[in-house]
Amino acid sequence: MNQPMTSAERRIYNQRRHAERRRELVADRGAQGVAELWWDQARKIARDRAANGDETAWHDLALTLSNYCQRYSQ
């Protein structure tokens, strides 16, 4: 017997569906679309971790972006 989803389960389910749809939509855009998806995901992770008192993810993301910019801006 199926039980109704809790609000937390429904939220997770909807987030997964949304992410799948976005992946399908950007597939035709190639690497740029994929990079934008990763960028959005990285910011979400950093925001969520910071909301729980952990700023480490923002520092790691900043370092990664700094390295990337230094490598490709020359």
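Summarised in this report is the structure supplied together with it. Note that this is a predicted model, so its numbers are computed, not measured.

### Structural notes on the overall build of the protein chain
Link 1 in the chain: Along the backbone of the protein chain there are three helices and zero strands.
Link 2 in the chain: Moving toward the C terminus, one meets the helices and strands of the protein chain in the order α-α-α.
Link 3 in the chain: Since a compact globule built from 74 residues should have a radius of gyration of about 11 Å, the 17 Å found for the protein chain marks it as more spread out than a globular shape.
Link 4 in the chain: Along the three orthogonal principal directions, the C-alpha set of the protein chain runs to about 60 × 40 × 15 Å.

### Focus: the packing of helix α1 (residues 7–26) against helix α2 (residues 31–51)
Link 1 in the chain: α2 packs onto α1 with a crossing angle of 155 degrees between their chain directions and a minimal axis gap of 9 Å. As far as their axial angle goes, α2 and α1 are roughly antiparallel. In the crossing of α1 with α2, the sense of the turn from one axis to the other is right-handed. Here α1 contributes Q15, R22, R23 and V26 to the contact with α2, which in turn contributes G33, V34, L37, D40 and K44.

So, how was this worked out
Residues numbered from 1 in each chain as written. Predicted model: local features only at pLDDT ≥ 70, side-chain atom pairs only at ≥ 80, totals over all residues. Heavy atoms only, no water. Helix = DSSP H or I, 4+ residues; strand = E, 2+ residues; numbered from the N terminus. Rg over C-alpha atoms; globule rule 2.2 N^0.38 Å. Axes fitted to C-alpha atoms, helices over the stretch in contact; angles between N-to-C directions. Parallel < 35°, antiparallel > 145°, perpendicular 65-115°, else oblique. Left-handed = near helix turned anticlockwise from the far one by under 90°. Contact = heavy atoms within 4.5 Å.

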